[in-house]
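# Remarks on the overall topology
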Amino acid sequence: MTIDLHNAGLRHGQVRALESVSLRITKGERVAIIGPSGAGKSSLLHLMATAVQPSAGRLELFGEQPWALSARARQRLRARIGLVHQAPPLPPRQRVVTAVLAGRLGQWGTLQGVFNLVYPTDVPGAREVLAELGLAEKLFVQCGQLSGGQLQRVGIARVLYQRPELLLADEPVSAMDPVLADHSLALLNRHAQANGVTLVASLHAVELALAHFPRVIGIREGQVMFDCPADAVTDPMLDALYANEQFASQPAQGATLAVQIPRC
Amino acid sequence: MLKAQTRDPVAFTRLMLILFALAVLWPGVRLSELNPGVLLHAENRQQIAAFTSAFWPPAHDAEFLKLLYEATLQTLAVATAGMAFALLLAIPTSLLASRALSLRAASRGGRAGVLSRLLRMPVRGLLIFLRSVPEIVWALLFVRAVGLGPTAGVLAIAITYSGMLGKVYAEIFESVDQRPAHALLQAGSGRLTAFFYGILPSAMAEVVSYTVYRWECAIRASVVMGFVGAGGLGQQIDLSMRMFAGGEVASILLAFFGLVVLADLLSRFLRGRLA
């Protein structure tokens, strides 16, 4: 069992982000999380990535409870988990090659990490993962000069270079055009299948989720609405998931969903 | 502006802050007995005119220039050596004092745990102690301990400036975007590497510019400490003033101006390279 959430809840101050979520995801599964904006998709992924501590319930990753471990053991556990951020947090002045190689800082010692900053130790490795995403020529460019979509691909490249056992992706293609989004998701899925990696991604595009992932979880207001194979998802289920009383009268919604990604 | 439709919710707070600042500053002016009028009294004007008229022409005979050159080099050396020793202490303490490297803060939206805050307090206390005693006092102390000469100046600058640099570095590290470092910590990286990859790239330009500015301040400080016997341009200026050699004072001030211009150019160059 890679992920085992039992009645997990998460609060940000007074706001309830997640409420009694129970999920079991086994090794090698590929799962998409869908739901309206603000439903708790990001919170759920950050919870699985041990980026935040659940305020209620239990979280087990690889059969261990990360928040019961010592800080050192938790860092070792975290090195096995990779999270693709929606807007990858990369310093604008950092070069792409350094940003990608930083994926393995959890596996490297401090000395190798510091030396790698002075002279990149694995340029071919970084070039290889970037080439798969069509960014090989940006290897020595500073992150601040990239567009939102290019930054998202650098974020994906970093996690691919990290080679985690559990790959989490928070809206990994939200700033890409449809063709690129399709290609990047296919790449993540191919990588997961080839290496037996567990893949969990949140997506706001339902058709991408249904096309690429065998299992789909629908989330609304911090709770799991449905959790089933992709081919069992029906239109009424999706209508109920995205139903929005507040904007119901406005006709053209959903299609104009433009996500603004800060440049860095 | 006062209607509910157009009112800015922070406007009242800002107005209060401005009034508060004025209320605090006014007694300060009274307490410091500031009275620019005394500059205009006839007697004082004469004194100032007599003193400054001796400044022209600046002294430029070969012997004095050689003396000036050596004193300038000594001042530069005192400031630079003092800064180097200060950095030795400031860099590790700034890392210890900064919240930027807190592992717990990474998973709690930037809030560090109680224990780590308690552990940081003695480091902050040390930095406060180091910079609370003015360098001139340290210099007087060291002049007694190690005798007249630049060594006292170097030690005094090293102690005071490590306190200032450590505090400001720690604050620069906390003021840049913490998310890159948090993301790295959440991917299992160590704290030092997370600092090097996540914080330093954003903080570097600021750190370099502040360091060069402090170096400039150290040059000034080493001049002041020359007055109490720590060598360099300060000692020279003290001697020339006692001998009422206005031309020499003018030359020394010009050399001093040159040093500050040099520091400014260096800062601009380094910032340009790092931006």
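Residues numbered from 1 in each chain as written. Chains lettered and ligands numbered in written order. Predicted model: local features only at pLDDT ≥ 70, side-chain atom pairs only at ≥ 80, totals over all residues.

### Looking at the overall build of chain A
Scanning chain A for helices and strands turns up 9 helices and 9 strands. In summary, chain A has a C-alpha radius of gyration of 18 Å against a globular reference of 18 Å for 264 residues, a match within 12%. C-alpha atoms of chain A, sized along the principal axes, occupy 55 × 45 × 35 Å. Sequence-distant contacts in chain A: of pairs separated by 6 or more residues, those separated by 24 or more amount to 68%. (Helix = DSSP H or I, 4+ residues; strand = E, 2+ residues; numbered from the N terminus. Rg over C-alpha atoms; globule rule 2.2 N^0.38 Å. Contact = placed C-beta atoms within 7 Å.)

### Points about the overall build of chain B
Secondary structure assignment for chain B yields 11 helices and 0 strands. Moving toward the C terminus, one meets the helices and strands of chain B in the order α-α-α-α-α-α-α-α-α-α-α. Here the C-alpha radius of gyration of chain B, 24 Å, is well above what a compact globule of 275 residues would show, namely 19 Å. Each principal axis of the C-alpha atoms in chain B carries an extent, and together these give about 65 × 55 × 40 Å. For chain B, with 275 residues in total, the buried portion stands at 36%. Contacts in chain B between residues far apart in sequence, at least 24 positions, make up 75% of those at least 6 positions apart. (Buried ≥ 20, exposed ≤ 12 C-beta atoms within 10 Å, placed from the backbone.)

### Observations concerning the sheet that holds strand β4 (residues 56–61) of chain A
Residues and elements named next belong to chain A. Taken in spatial order, the 3 strands of this open sheet run β2-β1-β4, and their pairing is antiparallel. Across the chains shown, the open sheet's two edge strands, defined by having one partner strand only, are β2 (15–25) and β4. Within the sheet, the average angular offset between the axes of one strand and its neighbour, ignoring direction, is 25°. In this sheet, β2 lies alongside strand β1 (residues 3–12) in antiparallel orientation, the contact comprising 7 bridges. From the neighbouring strand, Leu 5 faces β2, where its bridge partner is Leu 23. Relative to β2, helix α1 (residues 41–48) is tilted by about 55°, and along the sheet it contacts β1, β2 and β4. (Pairing = 2+ DSSP bridges. Axes fitted to C-alpha atoms, helices over the stretch in contact; angles between N-to-C directions.)

### So, the interface of chain B and chain A
The interface of chain B with chain A comprises 18 residues on the first partner and 26 residues on the second. For the side of chain B that touches chain A, the secondary structure elements donating two or more residues are α8 (179–186) and α9 (191–226) of chain B. It is α9(B) that contributes the most residues to the side of chain B that touches chain A, 7 residues altogether. Here the side of chain B that touches chain A is built from residues that sort into 9 nonpolar, 8 polar and 1 charged. (Nonpolar A, V, L, I, M, F, W, Y, C, P; charged D, E, K, R; others polar.)

### A closer look at the packing of helix α4 (residues 110–118) of chain A against α9(B)
Relative placement of two packed helices is described by the angle separating their axes and the distance separating the axes. Interhelical geometry of α4(A) versus α9(B) gives an angle of 10° and a closest axis separation of 9 Å. Classified by the angle their axes make, α4(A) and α9(B) are roughly parallel. In this structure, α4(A) meets α9(B) at a crossing whose hand is left-handed. Contacts from A:Thr110, A:Gly113, A:Val114 and A:Leu117 of α4(A) reach α9(B) at B:Leu192, B:Thr193, B:Phe196 and B:Tyr197. Here the contact of α4(A) with α9(B) is built from residues that sort into 5 nonpolar, 3 polar and no charged. (Parallel < 35°, antiparallel > 145°, perpendicular 65-115°, else oblique. Left-handed = near helix turned anticlockwise from the far one by under 90°.)

### Examining the sheet that holds strand β8 (residues 215–220) of chain A
Residues and elements named next belong to chain A. The strand order across the open sheet formed by 6 strands is β5-β6-β7-β3-β8-β9, and the pairing between neighbours is mixed. Of all strands in the sheet, those with a lone pairing partner are β5 (81–84) and β9 (223–229), marking the two edges. Averaged over all pairs of adjacent strands, the angle between strand axes in this sheet comes to 15°, irrespective of strand direction. Where β8 lies against β9, 6 bridges are found, and the strand directions are antiparallel. Following the sheet pairing, Gly 218 is matched in β9 by Phe 226.

### Describing the environment of B:Glu248
All names here are of chain B. Along the chain, Glu 248 falls in helix α11 (residues 246–274). Residue classification places Glu 248 among the buried positions, given that 24 C-beta atoms sit within 10 Å. Taking C-alpha positions, Glu 248 is 9.3 Å from Ala 54, a pair spaced 194 residues apart along the chain. If sequence neighbours within four positions are ignored, Glu 248 has contacts with Ala 59, Phe 64 and Ser 240.

### Points about the nonpolar core
In this structure, A:Val100, A:Val154, A:Ala157, A:Leu168 and B:Ile157 are the most contacted members of the largest nonpolar core, which totals 131 residues. For this core, the leading source of residues is helix α7 (residues 150–175) of chain B, giving 14 residues. Once residues within four sequence positions are removed from consideration, A:Val100 is found in contact with A:Ala126, A:Val129, A:Leu130, A:Val154, A:Ala157, A:Arg158 and A:Tyr161. (Core = buried A, V, L, I, M, F, W, Y, C linked by C-beta atoms within 7 Å.)

### Focus on unusual backbone geometry
In this model, A:Thr50 sits at a positive phi of 60°, which is unusual for a non-glycine residue. Residues other than glycine seldom take positive phi values, yet A:Phe62 does so here, at roughly 50°.

### Comments concerning the environment of A:Ser202
Residue and element names in this part refer to chain A. Structurally, Ser 202 is set in strand β7 (residues 198–202). Remark: the alpha-carbon pair of Ser 202 and Arg 95, spanning 107 residues in sequence, is separated by 27 Å. Filtering out sequence-adjacent residues up to four positions away, Ser 202 remains in contact with Ile 33, Lys 41, Ser 42, Leu 45, Asp 170 and Glu 171.

### Describing α9(B)
With 36 residues, α9(B) ought to run about 52 Å at 1.5 Å a step, yet its terminal C-alpha atoms sit only 42 Å apart, falling short of that. Where α9(B) bends most, at B:Leu200, the angle is about 60°, and the proline B:Pro201 comes one to four residues later. (Expected span 1.5 Å × (residues − 1). Bend = angle between axes of the 7 residues up to and from the residue.)

### Remarks on the confidence of the model for chain A
Taken over all residues, the pLDDT of chain A has a mean of 89, while the share at 70 or more is 92%. Counting contacts from residues 251–257 of chain A, a segment whose pLDDT is below 50, to residues more than four positions away or on other chains yields 2 contacts. (pLDDT = per-residue confidence, 0-100.)

### Focus on the packing of helix α3 (residues 62–97) of chain B against helix α10 (residues 232–242) of chain B
All names here are of chain B. Look at α3 against α10: their axes get within 6 Å of each other, and the N-to-C directions meet at 135°. Classified by the interaxial angle, the pair formed by α3 and α10 is oblique. Listed contacts from α10 to Leu 67, Ala 71, Thr 72, Gln 74, Thr 75 and Val 78 of α3 are Gly 232, Leu 233 and Gln 236. The class makeup of the residues in the contact of α3 with α10 is 4 nonpolar, 5 polar and no charged.

### Comments concerning the pairing of β1(A)
Sheet analysis places β1(A) next to β4(A), joined by 5 bridges and oriented antiparallel. In the sheet register, A:His6 faces β4(A), and the bridge partner there is A:Arg58.

### Describing the environment of A:Asp231
Residue and element names in this part refer to chain A. Looking at the secondary structure, you find Asp 231 in the loop between β9 and α9 (235–242). The class of Asp 231 is exposed, set by 9 C-beta atoms lying within 10 Å. Sequence separation between Asp 231 and His 191 is 40 residues; the distance between their C-alpha atoms is 22 Å.

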